[in-house]
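Each chain, written out:
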Amino acid sequence: MTSVVDKRKNKFNRYKDLRENPTELLEPAIKPVKEYDAFDRIKDIADEGTFKEFEFDFPETNPLKFEGYVEKKEALRKENNCHDAIIAGECEIEKMPCVLAVMNKKFMMASMGMELGETFCRALEYAGEKHLPFIVFTASGGARMQEGILSLMQMAKTSAVVKKFKDEGGLYITVLTHPTTGGVSASFATLGDITLAEPKALIGFAGPRVIEQTIGQKLPEGFQRAEFLQEHGFVDAIVRREDMKEMLAKILMLHKNVYEGR
């Protein structure tokens, strides 16, 4: 049986090796290792062997009859071993049960379409039914243009489900990773009871250049980065990737009596 000390040592050595290889890693948040994906995130956060992915049944979606859209999704599904740009399931973090959702940037830059919105909502509703806390790691370029207005509608849909979950006493935790932008940042990503972020992650709605061109002014240094947002009260804490599981475990422990007593 692996001791706690050995686990910490193994985790430290893993990230130390990554940082010492500049061809693979520039910064943990801004330039992740090429192979680091949503499943690696789940492996780092969930206790070993506890993550059970939800298997929701969805009909194929192409509401605008966008040419090549279905074929593109099929290719990405095979390449990324996931059905869309979010992976959700039940797991344990330091033996505390929760529902965990992780957005996958490798799937169309984790753009939010109908299937992503529905997966998020069903996972959150499951957490509400089982009285479990909900944790979501966000990373997105925004709405999915191939689904037009139906993609934008997911903003209202997911926000409504988050409100219902929170009104019923659910604990909703968001972790903003690089980048969290567009419709995702304008909806469920920024509604957390507790909002964490990775160092230097880009967080915002429109990009800095678009904002500067719109308002005709130079933006402050570090605008839309996690540190700037923490300084202005938008983010509760900035947590390095290797410390994230420990932080989440502490949060779950501190709030255990609240969500278990619902």
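The rules behind each value
- Residues numbered from 1 in each chain as written.
- Predicted model: local features only at pLDDT ≥ 70, side-chain atom pairs only at ≥ 80, totals over all residues.
- Heavy atoms only, no water.
- Helix = DSSP H or I, 4+ residues; strand = E, 2+ residues; numbered from the N terminus.
- Buried < 20%, exposed > 50% of the residue type's maximum accessible area, 1.4 Å probe, protein only.
- Areas by Shrake-Rupley, 256 points an atom, 1.4 Å probe, with all protein chains shown as cover.
- Pairing = 2+ DSSP bridges.
- Right-handed = clockwise from strand over helix to strand, strands pointing away.
- Axes fitted to C-alpha atoms, helices over the stretch in contact; angles between N-to-C directions.
- Parallel < 35°, antiparallel > 145°, perpendicular 65-115°, else oblique.
- Contact = heavy atoms within 4.5 Å.
- Nonpolar A, V, L, I, M, F, W, Y, C, P; charged D, E, K, R; others polar.
- pLDDT = per-residue confidence, 0-100.
- Expected span 1.5 Å × (residues − 1).
- Core = buried A, V, L, I, M, F, W, Y, C linked by side-chain atoms within 4.5 Å.
- Phe/Tyr/Trp six-rings, centres within 6.5 Å; stacked < 30°, edge-to-face > 60°.

1. Brief notes about the overall build of the protein
Move 1: Within the protein, the secondary structure is distributed over 10 helices and 7 strands.
Move 2: The 262 residues of the protein split such that 47% are buried.
Move 3: Split by element, the accessible area of the protein, about 13900 Å² in all, is 55% carbon and sulfur.

2. Description of the pairing of strand S5 (residues 172-180)
Within a regular strand, side chains alternate between the sheet's two faces.
Move 1: Where burial is concerned, most of S5 is hidden: 9 out of the 9 residues are buried.
Move 2: Here 6 bridges tie strand S4 (residues 134-140) to S5, and the two strands are oriented parallel to one another. Following the sheet pairing, Phe134 is matched in S5 by Tyr172.
Move 3: Following the backbone out of S4, through helix H5 (residues 148-167) and into the adjacent parallel S5, one traces a crossover that is right-handed.

3. Some words on the packing of helix H4 (residues 114-130) against H5
Move 1: Packing of H4 against H5 leaves a shortest axis separation of 9 Å and a crossing angle of 5°. Of the possible angle classes, the one that applies to H4 and H5 is roughly parallel. Along its contact with H4, which presents Met114, Gly117, Glu118, Phe120, Cys121, Leu124, Glu125, Ala127 and Gly128, the element H5 presents Leu150, Gln154, Lys157, Thr158, Val161, Val162 and Phe165.
Move 2: Each residue belonging to the contact of H4 with H5 can be placed in one class, and the counts come to 9 nonpolar, 4 polar and 3 charged.

4. A look at the confidence of the model for the protein
It should be kept in mind that the predicted coordinates are not to be read in detail where pLDDT is low.
Move 1: The predicted model of the protein has a mean per-residue pLDDT of 88, with 85% of residues at 70 or higher.
Move 2: Low confidence marks residues 22-33, where pLDDT is under 50. Its contacts with residues over four positions away, or in another chain, come to 28 contacts.

5. A few points about the pairing of strand S3 (residues 96-103)
Move 1: Within S3, 7 of the 8 residues are buried, which leaves it mostly tucked inside the rest of the structure.
Move 2: Note: S3 against S4, 4 bridges, orientation parallel. Bridged to Val99 within S4 is Phe134.
Move 3: In the classification by handedness, the crossover that spans S3, the intervening H4 and the parallel S4 is right-handed.

6. What to know about helix H3 (residues 69-80)
Move 1: Along its 12 residues, H3 runs 16 Å from first to last C-alpha, staying within 8% of the 16 Å computed at 1.5 Å per residue.
Move 2: Those residues of H3 that are buried are in contact with helix H2 (38-45) and H4.
Move 3: Of the residues trailing H3, Asn81 is marked for its positive phi of about 55°.

7. Quick look at the nonpolar core
Move 1: Counting 62 residues, the largest nonpolar core has Phe120, Phe134, Ile135, Phe188 and Leu248 as its most contacted members.
Move 2: In terms of residue count, the dominant contributor to this core is S3 (7 residues).
Move 3: Not counting residues up to four positions away in its chain, the partners in contact with Leu248 are Ile45, Ile93, Ile135, Phe137, Ile173, Val175 and Leu196.

8. Quick look at the packing of aromatic side chains
Move 1: The tally for this structure, following the rule as stated, stands at 8 aromatic pairs.
Move 2: When the centroid spacing of 6.4 Å and the interplanar angle of 80° are considered together, the rings of Phe120 and Tyr172 count as edge-to-face. Of this pair, Phe120 sits in helix H4 while Tyr172 sits in strand S5, placing them 52 residues apart in sequence.
Move 3: With a relative accessible area of 0%, Phe120 lands in the buried category.
Move 4: Note on Tyr172: relative accessible area 0%, which makes it buried.
Move 5: Each ring, one from Phe223 and one from Phe228, has its centre 5.6 Å from the other, and the planes form 70°; the classification is edge-to-face.
Move 6: Judged by its relative accessible area of 16%, Phe228 is buried.
Move 7: A connected cluster of aromatic rings, assembled from ring pairs, spans Phe54, Phe56, Phe58 and Tyr126.

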